[in-house]
Amino acid sequence: MVDKKKNHLAFTYIGDCPVYISRKNVKKYNFRIYSNCVKISVPKNKTDQEILEVIDVTRTRLISKILMQQRKVKNNKDDEIPNVITSILYLGKKRPVVFTDVEEPEYKDGEFLLPKDLRYEDYYTVEEQIDNLLRKLLRNIIKVELDKWEEKTGLKCKSFSVRKMRTLWGSVTLSKATMRFNFYLIAMPYDSISSVVIHELTHLKIKDHGKDYYKLLHSYMPDYDEADKILKETSVPLQYIF
Ligand SMILES: [Zn+2]
């Protein structure tokens, strides 16, 4: 006999929150997150095991969203929020994050200023906003450094992109004179960012890391080794948000 109440039983739990599943004629999972439960519409053909796996990989995110809903319900906006981002590692130093009256996230006088409303968003939304800002800040620094080094060396980078990379701080495609810089450079000291720019630029003249390469590189930037050392000692991706 089919238990008609079965649909109303919790499929699983996230912390104390029951997760209710309804199989529907949908193509994608659709999550609705409340302060006391999670409801997920699931494509009809998914097995229990597949659904559990999806819940498992999104668990951290779901917890964060449940917490956000609980905060909204409480509506006690002066409460300290446990999972909020309080500081960001930027140009080699931890900088405080301040939620204040700004329209968009910005960096000013040693502080990251974020719109007040963001404080009540979940971690991932805040992280995305900070990512965008850090990306913009890094692009500006790289532009300044490229201008500086291009003028000094006569070498020219045609275009560059900023990406989150696992192993490299920077790379260059010699045939196109295009460069990629690691997003996480923004957490490193300014001189280290500069050293990556001149490193890649020097490759436009000498392809490999031979004696001649380093001789030329040091003639451009005498204190290159010092700036490079910290990069060698730091593994990416770096946890830049604390
Ligand atoms: Zn190299």
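Scroll up to find the structure.
To start, this report covers the structure provided alongside it.

Reading the values: rules and limits
- Residues numbered from 1 in each chain as written.
- Predicted model: local features only at pLDDT ≥ 70, side-chain atom pairs only at ≥ 80, totals over all residues.
- Helix = DSSP H or I, 4+ residues; strand = E, 2+ residues; numbered from the N terminus.
- Buried ≥ 20, exposed ≤ 12 C-beta atoms within 10 Å, placed from the backbone.
- Core = buried A, V, L, I, M, F, W, Y, C linked by C-beta atoms within 7 Å.
- Axes fitted to C-alpha atoms, helices over the stretch in contact; angles between N-to-C directions.
- Parallel < 35°, antiparallel > 145°, perpendicular 65-115°, else oblique.
- Contact = placed C-beta atoms within 7 Å.
- Nonpolar A, V, L, I, M, F, W, Y, C, P; charged D, E, K, R; others polar.
- Pairing = 2+ DSSP bridges.
- Expected span 1.5 Å × (residues − 1).

Relative to the elements of secondary structure, H209 occurs in the loop between α4 (190–203) and α5 (211–220). Here H209 falls in the exposed class, since 12 other C-beta atoms lie within 10 Å of it. Counting along the chain gives ten residues from H209 to H199, while the straight-line C-alpha distance between them is 9.9 Å.

A word on the nonpolar core. A general feature of soluble globular proteins is that nonpolar side chains tend to end up buried together. The biggest cluster of nonpolar side chains holds 31 residues, and the ones touching the most others in it are L138, L185, I186, V196, V197 and I198. Looking at this core, the element that brings in the most residues is helix α3 (residues 123–153), giving eight residues. By size, the runner-up hydrophobic cluster in this structure holds eight residues, among which are C17, I33, I40 and I66.

Direction vectors running N to C along α4 and helix α6 (residues 224–233) enclose 105 degrees, while the axes themselves pass 8 Å from each other. Relative to α6, the element α4 is oriented roughly perpendicular. Residues D191, S192, S194 and S195 of α4 touch α6, and the partners they reach there are Y224, A227, D228, I230 and L231. Here the residues of the contact of α4 with α6 are counted per class, giving four nonpolar, three polar and two charged.

Let's shift gears to the environment of D16. Note that D16 resides in the loop between β1 (12–14) and β2 (17–24). D16 sits in the exposed class, given 8 other C-beta atoms within 10 Å. In this structure the C-alpha to C-alpha distance between D16 and N36, which are 20 residues apart in sequence, comes to 8.0 Å.

Our focus in this paragraph is the pairing of β2. Bridging between β1 and β2 involves three bridges; their strand directions are antiparallel. Across the sheet, T12 pairs through a bridge with V19, a residue of β2. A loop of two residues connects β1 with β2, the two strands running antiparallel in sequence, and G15 in this loop sits at a positive phi of about 60 degrees. Where β2 lies against strand β4 (residues 38–43), six bridges are found, and the strand directions are parallel. Its bridge partner lying in β4, K24 is registered against P43.

On to α4, then. With 14 residues, α4 ought to run about 20 Å at 1.5 Å a step, and its terminal C-alpha atoms sit 21 Å apart, in line with that. Of all the 14 residues making up α4, twelve are buried; the element is thus mostly covered by neighbouring parts of the structure. When we look at burial in α4, the residues that qualify are S192, I193, S194, S195, V196, V197, I198, H199, E200, L201, T202 and H203.

Let us look at unusual backbone geometry. At L91, a position not held by glycine, the phi torsion is positive, near 50 degrees. The residue D109 is not glycine, and still its phi comes out positive at about 45 degrees. Tracing the backbone through its elements, the reader meets D109 in the loop between β7 (106–108) and β8 (111–115).

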